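Structure at a glance
Chain residues, written in single-letter form:
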Amino acid sequence: MNTENIRDEVISYVDRISNEIVALTQDLVRIQSINHPPTGEEKDCQDYVYKYFSEMGLKPDRYLPSDVDSIEMHPAWWPGRDYVGRPNVTSQINGKGEGRSLLLSGHIDTVPLGTTDWSYDPFGAVVEDGKLYGLGSFDMKGGVAALLSAVRVIKELDIPLAGNLIAETVVDEEFGGVNGTLAGRLRGYVAEAMIITEPSGFKIWNGNCGGRFLHLFFRNTGGIALGENVSINVVDQINAFLNHLEEFKQRRRSQVKNWQDLTHNSVPVWITKISLGGWGTNVPITVPSEAKVEMYWQLLPGETQEKVDEEFHAWFSQLLTLFPDLFSSLPEVKIPIRFMPASQVAPDHLFIREMSALLEREQGRTPVIELGRGPSDLIVVNHFFETCPSIMFGTGGGN
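All of these numbers come straight from a predicted model, not from anything done at the bench. (Residues numbered from 1 in each chain as written. Predicted model: local features only at pLDDT ≥ 70, side-chain atom pairs only at ≥ 80, totals over all residues. Heavy atoms only, no water.)

A look at the overall build of the protein
In terms of regular secondary structure, the protein is built from 10 helices and 17 strands. The C-alpha atoms of the protein give a radius of gyration of 24 Å, which matches the 21 Å a tight globule of 399 residues would have. The buried share of the protein, reckoned over its 399 residues, is 48%. Counting only contacts in the protein whose residues sit at least 6 apart along the sequence, the fraction spanning at least 24 positions is 81%. Working note: accessible area of the protein is about 19500 Å², and carbon and sulfur atoms make up 52% of it. Computed over 34 positive and 52 negative side-chain charges, the inter-centroid distance for the protein is 2 Å. (Helix = DSSP H or I, 4+ residues; strand = E, 2+ residues; numbered from the N terminus. Rg over C-alpha atoms; globule rule 2.2 N^0.38 Å. Buried < 20%, exposed > 50% of the residue type's maximum accessible area, 1.4 Å probe, protein only. Contact = heavy atoms within 4.5 Å. Areas by Shrake-Rupley, 256 points an atom, 1.4 Å probe, with all protein chains shown as cover. Lys, Arg positive; Asp, Glu negative; His and termini not counted. Charge placed at Lys NZ, Arg CZ, Asp CG, Glu CD.)

As structure tokens, this is what we get:
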């Protein structure tokens, strides 16, 4: 069978099972797999994936990241995570040994539900007006369903492969985990190329922006009840901090070259959370005793942890010296998530060129090649396993 006939047979088969692919996505969304470091609830979903592979006649490998030999000695290992009951699952279709191998990868964990009310049941996987709603349907159980279905199609149609096809679902990607992907590579699952099926909107994400998270704690130095003397007010501290944040953005603009306008902001720097205590009549009326701020900013390829941290602390120290009375009690700075560097596979890399040619043929237009918006498992693969160049490519969606 020639390549053109194989292509037509695959497309026809995918059309016939399209409802089953949607149902597969719904099944995955309905199985809770929330990551809440240091633990997570991925087991039931990974059991489903294991069964899915097994029913194809494959022999999946199920293992805990922490059981991989010498993983804790690797410089990319992030300590403090608990992997009891949180297995990775990997399966493989062997080729003839005459060509290059491909690795398809997706993370099975999701972020928590959050505190905002949901318009749909987060585990209902409701389909309405051509959209599937649910926690993790976008990031990234839709992508996991796609890679599982790709394996199914190749297996059921008995498509001949020159190289091996490896497919995996890993745990603990959210919150800078990445240990799941690291475990897969150290267990020996590597290939000549890797696609993480994150939702890229059918663009080729040939790398990712990095990210730095900080938690800042501002505290009063006096009483907090009405009528008491509050010598330092955290509200004033927060006000000074936010009013001068633009200076930090300007420093980023001046020092980071060739920045892509990825988010309608020339240098994305965000305050993602501010907490000043409780709310409502169950909380006494007081001046807040503490303010907590979460700050995040994006990084470009080539920026090192030393440079990034030095840049922030130089700006922050200068801010504190401008208001010696206001900041007589120095704010505390904590790092809640690992340093997440940016990565990039060269746009003219053979893998990117071949992907581009394929997409141009199928979509009838030149594909967009750009960096992904935020950190992902690419931060480990492209930095420590360069012989396995990795990109993100997947469906679209939102929220």
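A closer look at helix α8 (residues 305-322)
Under the 1.5 Å per step criterion, the end-to-end length of α8 is 26 Å for 18 residues, consistent within 8% with the ideal 26 Å. Val-308, Asp-309, Glu-311, Phe-312, Trp-315, Phe-316, Leu-319 and Leu-320 are the residues of α8 that are buried. On an axial view of α8, the arc spanned by its buried residues comes to 160 degrees, and they lie on one face. For α8, exposure combined with an orientation more than 90 degrees from the buried face picks out Glu-306, Glu-310 and Thr-321. Turning to α8, the residues buried within the fold contact β11 (210-219), α6 (234-243), α7 (245-255), β13 (290-299) and β14 (332-334). (Expected span 1.5 Å × (residues − 1). Arc of directions from axis to C-beta.)

Overview of the packing of aromatic side chains
Counted by the stated rule, this structure contains 17 aromatic pairs. Ring centres 6.1 Å apart and planes at 65 degrees place the aromatic pair Phe-202 and Phe-393 in the edge-to-face group. Here Phe-393 lies in the segment after β17 (390-392) and Phe-202 lies in the loop between β9 (193-196) and β10 (204-208), a separation of 191 residues in the sequence. On the accessibility criterion, Phe-202 (39% relative accessible area) is partly exposed. Accessibility expressed as a relative area gives 16% for Phe-393, which makes it buried. Where Phe-323 meets Phe-327, the ring centres are 6.4 Å apart and the plane angle is 70 degrees; that geometry is what we call edge-to-face. (Phe/Tyr/Trp six-rings, centres within 6.5 Å; stacked < 30°, edge-to-face > 60°.)

Some points on the pattern of salt bridges
In total, this model carries 28 salt bridges according to the counting rule given. Here Glu-20 ties to Arg-152 by a salt bridge, and the two come within 2.8 Å at their closest N and O atoms. In this pair, Glu-20 is assigned in helix α2 (residues 18-30) and Arg-152 in helix α4 (residues 137-156), connecting sequence segments 132 residues apart. The salt bridge partner of Glu-55 is Lys-51, with a shortest N-O separation of 3.9 Å. A residue pair is termed a helical-turn pair when its members lie 3 or 4 positions apart in one helix, as Glu-55 and Lys-51 do in helix α3 (residues 43-55) at 4 residues. Owing to a relative accessible area of 61%, Glu-55 belongs among the exposed residues under this scheme. (Salt bridge = Lys/Arg side-chain N within 4 Å of Asp/Glu carboxyl O.)

As for a nonpolar patch on the surface
Side chains of Val-235, Leu-242, Ile-274 and Leu-276 sit close together on the surface and give an oily, nonpolar patch of about 300 Å² of accessible area. By the secondary structure assignment, Leu-276 is in the loop between β12 (269-275) and β13. (Patch = residues over 30% accessible without salt bridge, like charges linked within 9 Å, V, L, I, M, F, W, Y side chains within 5 Å.)

Side note on the packing of α7 against α8
Running from N to C, α7 and α8 point in directions that differ by 140 degrees, and their axes come no closer than 10 Å. Seen along the crossing, α7 lies across α8 with a hand that is right-handed. Taking contact as the criterion, the partners of Leu-245, Glu-247, Phe-248, Arg-251, Arg-252 and Gln-255 in α7 are, on α8, Lys-307, Glu-311, Phe-312, Ala-314, Trp-315 and Gln-318. Residues that form the contact of α7 with α8 fall into these classes: 5 nonpolar, 2 polar and 5 charged. (Axes fitted to C-alpha atoms, helices over the stretch in contact; angles between N-to-C directions. Left-handed = near helix turned anticlockwise from the far one by under 90°. Nonpolar A, V, L, I, M, F, W, Y, C, P; charged D, E, K, R; others polar.)

Focus: the pairing of β9
Remark: a regular strand shows side chains that alternate across the two faces of the sheet. Taking every second residue as pointing to the same face, both faces of β9 are buried, with Ala-193 and Ile-195 on one and Met-194 and Ile-196 on the other. The pairing of strand β5 (residues 102-107) with β9 spans 4 bridges and is parallel. Across the sheet, the residue bridging to Ser-105 is Ile-196, located in β9. Here β9 pairs with β17 via 3 bridges, running parallel. Opposite Ile-196, over in β17, you have Met-392 as the bridge partner. (Pairing = 2+ DSSP bridges.)

Concerning the sheet that holds β13
Taken in spatial order, the 4 strands of this open sheet run β12-β13-β11-β14, and their pairing is antiparallel. Where the open sheet ends on each side, the last strands, each with one partner, are β12 and β14. Each strand axis lies, on average, 20 degrees off the axis of its neighbour in the sheet, ignoring direction. Here β11 pairs with β14 via 3 bridges, running antiparallel.

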